[in-house]
Amino acid sequence: MRVDNIDDAIAEIDRIGDSRGSLEYDIDGAVIKVDDFSQREELGSTAKFPKWAVAFKYPPEEKQTKLIDIEIAVGRTGVLTPTAVLESVQLAGTTVSRATLHNQDFINEKGINIGDIVTVRKAGDIIPEVLCVNEHNSDTVFKFPTVCPSCNSPVVRLNDEAAIRCINPECPAQLLRNLIHFCSRDAMDIEGLGPAIIENFVDKGLITKTYDIYSLDYESIAKLEGFKETSANNIKKSVEKSKGNDLSKLIFALGIRNIGAKAGKLLSEHFKSMDALMSADVDDILEIEGFGATMAESIVDYFGKPEAEELINKLREAGVNMQSLSTVVDNRFEGMTFVLTGTLPTMKRSEASKLIESYGGKTSSSVSKKTTYVLAGEEAGSKLDKANALGVEVISEERFLEMIK
């Protein structure tokens, strides 16, 4: 629809929003555009969007339904997560029958219990969530179980967090998720051991501890339904290959709370060996730039547990590398921080990052006043704009290659 003033444009936006439930297709917003090509050219565009168009998002659609049950799942770190099981309702074009309930504090705040009539919506038109209770079934509020639904061990709530956890290291639910994480691409990167296969091996008793991955019975695997000698050998090769990974991947694979892949890399480069990391105290870890007290305490707490020492010893006995493999050619980029953006002509950004680190430099995902260079390729986005605004020097791949000659 064409209009010649902003009031009529806004009125049309409102009309579309009021009638979107009756449309034959789903929408979550509407756009006002300048209907003149010469004016569009004059207004121009940013790196991400045209200046001659404005998008309006409508508030999420809300529906009432009955909360039938609350299921408790145990995550990789032992956190108990509640999920609402709902009477199915159509919401933003899909059938919704489950919604997150976050934690006990959220349930207490909303006064939620099984049997309540609740209002649900999709946060950002994507994630179903319970907004409020419209009609209570009883005067009580749902309470988390006092024992883990997977292993029946007592659960605890630590002072510094809202989550309720199972702290039993032998918990079957945690074992499965820990194994999936351990074998994932950013961790030990063991091809052939995907979630379904790991679950199968756990069910068959082939894996009862994380370190069992390195003592798998491949003859038994070859006899399993859906497996052959070839597929068993492929898993064996991948498991053997993972033993030579850099220490950083092993640190991430351990699943230490608050420690991601990048933190694992920093720890590996700083301490150089697993033994040095295991013997470090909080103050030693805080020497690493970007590490706070929470991260440092998580590491010390993890390695202070007997089961962590057992795991590391078993992995060491299996031949898993416990040393940092990173090599520094020279320190010409020492103290420098690079941000990479866009598509580089001849190399991947991951390759450029490794080169930067091999010369003692660091990479970051965001531009700030502390950024030394922004290495920009084609279709560079907002990072390039921010670099220009802050006066950070922008270099091309050609200039970068000259710097490392």
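Structure first, text after, so check above.
None of these values were measured; they are calculated from a predicted model. Numbers given for residues are sequential positions, taken from 1 along each chain in its written order. Totals for whole chains, interfaces and linings use all residues, but because this is a predicted model, local features are given only for residues with pLDDT of at least 70 and pairs of side-chain atoms are given and counted only at 80 or more. The side-chain values count all of the structure's non-hydrogen atoms but skip hydrogen atoms and water molecules.

S.K.: What exactly am I supposed to notice about the packing of aromatic side chains here?
M.R.: The geometry of an aromatic ring pair is captured by the separation of the ring centres together with the interplanar angle, meaning the angle of the planes. A pair of Phe, Tyr and Trp rings is counted when the ring centres sit within 6.5 Å of each other, with Trp represented by its six-membered ring. The angle between the planes then sorts it: under 30 degrees is stacked, over 60 is edge-to-face, the rest tilted. As enumerated under the stated definition, the model contains 9 aromatic pairs in all. Seen in terms of ring centroids, Phe182 and Tyr214 are 6.4 Å apart; in terms of plane orientation they differ by 80°. Their pairing is edge-to-face. Linking Phe182 in helix α4 (residues 172-183) with Tyr214 in the loop between α5 (195-203) and α6 (218-223), this pair joins segments that are 32 residues apart in sequence. In this scheme, a residue with accessible area under 20% of its type's maximum is buried, one over 50% is exposed, and one in between is partly exposed, where area comes from a 1.4 Å probe on protein chains only. Relative accessible area serves as the criterion here: at 1%, Phe182 is assigned to the buried category. Ring centres of Phe201 and Phe227 lie 5.7 Å apart, and the angle between their planes is 40°; on these two criteria the pair is classed as tilted. In this pair, Phe201 is assigned in helix α5 and Phe227 in the loop between α6 and α7 (229-242), connecting sequence segments 26 residues apart. There is no split in this pair, since Phe201 and Phe227 are both buried. A network of ring pairs unites the aromatic residues Phe333, Phe338, Tyr359, Tyr373 and Phe400 as a single cluster. Positioned over the ring face of Tyr211 is Lys314, at 5.6 Å from the centre of the ring. Numbering of helices and strands runs from the N terminus, with a helix taken as a DSSP run of H or I at least four residues long and a strand as a DSSP run of E at least two residues long. In this analysis the charged atom, NZ for Lys or CZ for Arg, is taken to sit over a ring once it is within 6 Å of the ring centre and within 35 degrees of the ring normal.

S.K.: Where do I start with the pattern of salt bridges in this structure?
M.R.: Should their charged atoms come close, side chains of opposite charge can pair. Criterion for a salt bridge: a side-chain nitrogen of Lys or Arg within 4 Å of a carboxyl oxygen of Asp or Glu. All chains considered together, the criterion is met by 12 salt bridges. We note a salt bridge from Asp275 to Arg316, for which the minimum N-O separation is 2.9 Å. Remark: Arg316 occurs in helix α13 (residues 306-317) and Asp275 occurs in helix α10 (residues 274-278); sequence separation between them is 41 residues. Exposure remark for Arg316: the relative accessible area of 33% places this residue in the partly exposed category. Residue Asp330 is joined to Arg332 by a salt bridge in which the shortest nitrogen-to-oxygen separation is 2.7 Å.

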